[in-house]
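Geometric and topological summary
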Amino acid sequence: MPSNKEWKVKDVVKWTTDYFQKKGIENSRINSELLLAEAMYTDRTHIYIKWNETLDDGILSTLKEYIYRVVGGEPVSYVLGHHRFMKWDFHVNSDVLIPRFETEELVEMVVSDLSGKSGTLLDLCTGSGVIAVTLCKFIKNMDFVASDISEEAIKLARKNAESLNVHDRIDFITGDFLESVKDRMEKIDYIVCNPPYVGTSEIDLVGDSTIRHEPHIALFAGEDGLDFYKRFVIEKEVLKNKKIYLEFGFSQKEKLERLFDKHFHTEFYKDSYGHWRFVKLIT
């Protein structure tokens with residue numbers, strides 16, 4: 001971005017959009033607006049109100065840093081420090097995965113199933129806490145537990161719960177799989193989990209930005225991507241009388257049928273793109 005001219009908001013948006021397109025950055029216009037809005041401490045709506053205003057050097061300097069990071073491969077959500085999930089903004093950083101649209105559909109499925117019900121729900125592998133927090137927003141009569149093996153992820157999930165005023169309804173715990181909640185499993189009625197499910201044999205199919213910046217512990221689960229799901233079978237006695245909602249990779253349905261059908265009643269569901277992406281286990 002040349003520094004020997006005055007830059008208005010509209011000029012910066014156009015220049016950044018064009019630059020991102022040349023560099024192969026997806027959603028160039030949207031990301032240009034999001035980054036500029038962040039540099040201006042405002043939102044995308046308000047940059048249009050300021051469309052013809054001249055930007056000061058401080059904003060331009062911040063924006064240049066953001067552009068440099070994005071072109072270098074860092075995900076836009078990490079540069080911004082937050083990501084929109086359903087209708088709320090969540091803090092994100094490189095300690096947690098960036099929430100995907102498919103997980104919104106998982107939440108919608110659970111809300112449809114459990115709305116109006118009571119009991120206790122465990123969000124396993126909570127990451128940034130988007131599942132636990134959004135379910136807490138939608139389901140008012142339920143208690144929530146959120147666990148993750150990463151202490152840093154739990155810190156961020158707790159921060160998101162505090163930001164969205166539901167921290168008093170979610171008990172955050174650090175631990176691997178069910179180890180940290182075994183003493184309360186009798187009180188847990190439902191489990192929701194978006195686990196790691198990418199196989200190490202599929203690493204070439206994962207985007208370079210994801211590989212370089214998102215936590216591998218939340219992505220990969222053995223050579224075939226099924227290691228985490230196998231743990232549900234191992235712990236099937238502990239999981240009796242519970243409903244379990246899981247997200248999985250779009251090519252894993254047949255493998256999960258073979259894994260789960262001998263041990264659970266299973267119901268598989270497609271996402272809005274027509275891919276098999278979710279399974280409900282009834283124990």
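All values derive from a computational prediction rather than experimental measurement. Along each chain, numbering runs from 1 in the same order as the chain's sequence is written. Per-residue local features of the predicted model are confined to residues with pLDDT of at least 70, and side-chain atom pairs are confined, for both listing and counting, to 80 or more; whole-chain, interface and lining totals are unaffected and use all residues. As a rule here, side-chain values come from all non-hydrogen atoms in the structure, and water together with hydrogens is ignored.

1. Some remarks on helix α6 (residues 101–114)
Since the α-helix advances by 3.6 residues per turn, residues separated by three or four positions end up pointing in the same direction. Every helix listed is a DSSP run of H or I at least four residues long, and every strand listed is a run of E at least two residues long, numbered separately from the N terminus. Working rule for helices: expected span equals 1.5 Å times residues minus one. Helix length check: α6 (14 residues) gives 20 Å between terminal C-alpha atoms against 20 Å at 1.5 Å per residue, within 8%. Throughout this description, buried means an accessible area under 20% of the type-specific maximum (1.4 Å probe, protein chains only), exposed means over 50%, and partly exposed covers the range between. Of all 14 residues that make up α6, ten are buried, and the element is covered over most of its length. The set of residues buried in α6 consists of E102, T103, E104, E105, L106, V107, M109, V110, V111 and L114. In the segment just after α6, G116 is the residue with positive phi, at about 90°.

2. A word on the packing of aromatic side chains
Note on aromatic pairs: the rings of Phe, Tyr and Trp (six-membered ring only in Trp) are paired at centre separations within 6.5 Å, and the planes decide the class, stacked below 30 degrees, edge-to-face beyond 60, tilted for the rest. Across all of its chains, the model carries twelve aromatic pairs by this definition. With a centroid separation of 5.1 Å and 80° between ring planes, the pair formed by F177 and F232 is classed as edge-to-face. Residue F177 is found in the loop between β5 (170–174) and β6 (190–193), and its partner F232 is found in helix α10 (residues 227–234); the two are separated by 55 residues along the sequence. A single burial state applies to F177 and to F232, both of which are buried.

3. Observations concerning the nonpolar core
In this description, a nonpolar core means a group of buried Ala, Val, Leu, Ile, Met, Phe, Trp, Tyr and Cys residues linked to one another through side-chain atoms lying within 4.5 Å. Grouped together as the largest cluster of nonpolar side chains are 31 residues, with contacts concentrated most on L121, L135 and I170. Those elements that provide at least two residues to this core are β2 (88–91), α6, α7 (130–138), β4 (142–148), α8 (151–163), β5 and β6. In this analysis, two residues are considered to be in contact whenever any of their non-hydrogen atoms come within 4.5 Å of each other. In contact with L135, not counting residues within four places along its chain, are V107, V110, V111, L121, F144 and V192. Formed by 28 residues, the second largest nonpolar core is a distinct cluster that contains F177, I191, Y197 and L246.

4. Considerations on the pairing of strand β8 (residues 265–270)
For β8 and strand β9 (residues 276–282), the ladder comprises six bridges, and the chain directions are antiparallel. Considered in β9, the bridge of F268 is made with V279. The hairpin turn running from β8 into β9, its antiparallel successor, is five residues long, and G274 in that turn takes a positive phi close to 90°. Here a strand pair is declared whenever DSSP counts at least two bridges between the two strands.

5. Concerning the sheet that holds β8
What holds strands together in a sheet is hydrogen bonding between their backbones, with the strands either parallel or antiparallel. Strand order across the open sheet formed by seven strands is β5-β4-β3-β6-β7-β9-β8, with mixed pairing between neighbours. A strand with exactly one partner marks an edge of an open sheet, and here the two such strands are β5 and β8. Across the sheet, the axes of successive neighbouring strands diverge by a mean angle of 20°, strand direction being ignored. An axis is simply a line fitted to the C-alpha atoms; with a helix, the fit covers only the stretch in contact. Between two such axes, the angle follows the N-to-C directions and lies from 0 to 180 degrees. Contacting β4 and β5, α8 crosses the sheet at an angle of about 165° to β5. Packed on one face of the sheet, helix α11 (residues 253–260) meets β7 (243–247), β8 and β9 and runs near 170° to β8.

6. Details of the pattern of salt bridges
A side chain with one charge may pair with a side chain of the opposite charge, provided their charged atoms come close. Salt bridge criterion: a side-chain nitrogen from Lys or Arg within 4 Å of a carboxyl oxygen from Asp or Glu. Overall, the coordinates contain 19 salt bridges when judged by the stated rule. Linking D113 and K280 is a salt bridge whose minimum nitrogen-to-oxygen distance equals 2.9 Å. Linking D113 in helix α6 with K280 in strand β9, this pair joins segments that are 167 residues apart in sequence. For D113, a relative accessible area of 25% corresponds to the partly exposed category. Classification of K280 by relative accessible area gives buried; the value is 7%. One salt bridge connects R277 with E247, and the closest N-O pair in it is separated by 3.6 Å. Taken as a pair, R277 in strand β9 and E247 in strand β7 lie far apart in primary sequence, 30 residues in all. Through salt bridges with shared partners, a single ionic network connects R29, E33 and R44.

Worth remembering: the numbers are spatial, not functional.
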